[in-house]
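# Observations on chain architecture
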Amino acid sequence: MDSITITLESYDILCGSNTGILRVVEDLRLKRDWSHKFKGTIEEKMAKSISGCLAEIAVARYLEIEFSFHVNHFTKPDLIFHDLHLQVRSQERKVQGNHLIIRPTSKKNEIYILVIAECPDFHIQGFINSSNVLGTKKYLTDFNLPRPKCHAVPIEDLTPIHLLKTNHWN
């Protein structure tokens, strides 16, 4: 599958980085657990939060929609495109391959998008509707880690992102 690459400008990187850090600081202030039992340091959380925010900006730029730089990230979708709720997942490129992660506690009928982050370049891999996997055993794994199981959708099973943009995926 061909990915779409979006290169962010310096200003987007600066603003997105600030928002990513604010998200982690807000979690600390509220004494909220972070990312499904993730046990990394504050610095690792900030790095992942910055990468995630920048990936959201890249998808917003591709879809030509406004990015709101919101911090309240547990109650709202990352982005809204037309009437669709979008959740953006960011990962570094992995030697063993990347997968789009959807947790069993996720909301149904949201669009999950995988982005491979290589700042300033963000490679949008594709998407899937969460309803296609939630409530099934399809792609379910714990990656042999002491964390809850999740659905790990391989890149080759994702729908190309240009079909979302042109509304040709239903």
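What this report covers is the structure whose coordinates are included nearby. (Residues numbered from 1 in each chain as written. Predicted model: local features only at pLDDT ≥ 70, side-chain atom pairs only at ≥ 80, totals over all residues. Heavy atoms only, no water.)

### Some remarks on the overall build of the protein chain
- A count of helical and extended segments in the protein chain gives three helices and eight strands.
- Shown N-terminal to C-terminal, the secondary structure of the protein chain runs as helices and strands in the order β-α-α-β-β-β-β-β-β-β-α.
- Expected size for 170 residues packed as a compact globule is a radius of gyration near 15 Å; at 15 Å, the protein chain falls within 12% of this value.
- When its C-alpha atoms are laid out on the principal axes, the protein chain stretches across 40 × 40 × 35 Å.
- In the protein chain, buried positions account for 44% of the 170 residues.
- A sequence separation of at least 24 residues applies to 62% of the contacts in the protein chain between residues at least 6 apart.
- Per element, the accessible surface of the protein chain, about 9,700 Å² overall, is 52% carbon and sulfur.
- The centroid of the 21 positive side-chain charges in the protein chain is displaced by 9 Å from the centroid of its 20 negative side-chain charges. (Helix = DSSP H or I, 4+ residues; strand = E, 2+ residues; numbered from the N terminus. Rg over C-alpha atoms; globule rule 2.2 N^0.38 Å. Buried < 20%, exposed > 50% of the residue type's maximum accessible area, 1.4 Å probe, protein only. Contact = heavy atoms within 4.5 Å. Areas by Shrake-Rupley, 256 points an atom, 1.4 Å probe, with all protein chains shown as cover. Lys, Arg positive; Asp, Glu negative; His and termini not counted. Charge placed at Lys NZ, Arg CZ, Asp CG, Glu CD.)

### Points about helix H1 (residues 10–29)
- Under the 1.5 Å per step criterion, the end-to-end length of H1 is 29 Å for 20 residues, consistent within 8% with the ideal 28 Å.
- The set of residues buried in H1 consists of Asp-12, Cys-15, Gly-16, Ser-17, Thr-19, Gly-20, Arg-23, Val-24 and Asp-27.
- After H1 finishes, the residue Lys-31 shows a positive phi value of roughly 55°. (Expected span 1.5 Å × (residues − 1).)

### Side note on the side chain of Ser-106
- Examined against the element boundaries, Ser-106 turns out to sit in the loop between strand E4 (99–102) and strand E5 (111–118).
- In this structure the side chain of Ser-106 is engaged in a polar contact, spanning 3.1 Å, whose partner is the side chain of Tyr-112.
- Discounting chain neighbours no more than four positions away, the residues touching Ser-106 are Tyr-112 and Leu-134. (Polar contact = N/O pair within 3.5 Å; in protein donor to acceptor, adjacent residues only side chain to side chain.)

### Considerations on the environment of Glu-43
- Within the element layout of this structure, Glu-43 appears in helix H2 (residues 42–63).
- Expressed as a C-alpha distance, the spacing of Glu-43 and Tyr-11, which sit 32 residues apart in the sequence, is 22 Å.

### Structural notes on the packing of aromatic side chains
- Under the criterion given, the structure shown has one aromatic pair.
- Ring geometry for Phe-67 and Phe-69: centres 4.7 Å apart, planes at 85°, overall edge-to-face.
- The positively charged end of Lys-165 is found above the aromatic ring belonging to Tyr-62, 4.4 Å away from the centroid. (Phe/Tyr/Trp six-rings, centres within 6.5 Å; stacked < 30°, edge-to-face > 60°. Lys NZ or Arg CZ within 6 Å of the ring centre and 35° of its normal.)

### Things to note about the sheet that holds strand E7 (residues 140–141)
- The strand order across the open sheet formed by three strands is E4-E8-E7, and the pairing between neighbours is antiparallel. Because the sheet does not close on itself, it has two edges, and the strands there are E4 and E7.
- Pairing of E4 with strand E8 (residues 150–154), which is carried by four bridges, proceeds in the antiparallel orientation. Its bridge partner lying in E8, Ile-102 is registered against His-151. (Pairing = 2+ DSSP bridges.)

### Some words on the sheet that holds strand E2 (residues 79–81)
- Overall, mixed pairing links the five strands, which are arranged E1-E6-E5-E3-E2 in an open sheet. Bordering the open sheet on either side are strand E1 (4–7) and E2, each of which pairs with just one other strand. Each strand of the sheet is rotated relative to its neighbour by a mean of 35°, with strand direction disregarded.
- Examined bridge by bridge, E5 and strand E6 (residues 121–129) share eight bridges and lie antiparallel to one another. Bridging from a neighbouring strand, Ala-117 pairs with Phe-122 of E6. (Axes fitted to C-alpha atoms, helices over the stretch in contact; angles between N-to-C directions.)

Keep in mind these numbers describe shape, not what the thing actually does.
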